[in-house]
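A structural walkthrough
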Amino acid sequence: MEPPCLLADINASSETHDAILANGTFGVSLLGGNQQDLRTAFRRPAWRKRCPPFRYSAMGSGRP
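Just so it is clear, the structure is predicted and the values come from calculations on it, not from any experiment.

Procedures and definitions
Residues numbered from 1 in each chain as written. Predicted model: local features only at pLDDT ≥ 70, side-chain atom pairs only at ≥ 80, totals over all residues. Heavy atoms only, no water. Helix = DSSP H or I, 4+ residues; strand = E, 2+ residues; numbered from the N terminus. Buried < 20%, exposed > 50% of the residue type's maximum accessible area, 1.4 Å probe, protein only. Areas by Shrake-Rupley, 256 points an atom, 1.4 Å probe, with all protein chains shown as cover. Patch = residues over 30% accessible without salt bridge, like charges linked within 9 Å, V, L, I, M, F, W, Y side chains within 5 Å. Salt bridge = Lys/Arg side-chain N within 4 Å of Asp/Glu carboxyl O. pLDDT = per-residue confidence, 0-100.

Before going further, it helps to spend a moment on the overall build of the protein chain. The secondary structure content of the protein chain amounts to three helices and zero strands. What you see in the protein chain, going N to C, is helices and strands ordered as α-α-α. The proportion of buried residues among the 64 residues of the protein chain is 6%. Element-wise, carbon and sulfur atoms account for 54% of the exposed surface of the protein chain, whose accessible area totals about 6100 Å².

Now the structure itself:
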């Protein structure tokens, strides 16, 4: 598809949905095929409790 297109569906009953509404914005990270462990870690609820700290930098909006 040209140009590339991305669709994101957010479950209305999720904490993510509430956070997006409260902040009015969200970010999307595009990962490579060799980053499956990282993808798996972040797609599960309560990932912050199970994952080691990841290094990231915040943009002006505060999104990683």
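It is worth spelling out a nonpolar patch on the surface at this point. Together, Leu 6, Phe 26, Val 28 and Leu 30 make up an exposed nonpolar region whose accessible area comes to about 440 Å². Relative to the helices and strands, Leu 30 is located in the loop between helix H1 (15–23) and helix H2 (36–43).

Moving on to the environment of Thr 16. Tracing the chain through its elements places Thr 16 in helix H1. Separated by ten residues in the primary sequence, Thr 16 and Phe 26 have C-alpha atoms spaced 9.2 Å apart.

Glancing now at the confidence of the model for the protein chain. Taken residue by residue, the protein chain gives an average pLDDT of 78. The fraction at 70 or more is 72%. For the protein chain, the element scoring lowest by mean pLDDT is helix H3 (residues 47–50), at 61; H1 scores highest, at 89.

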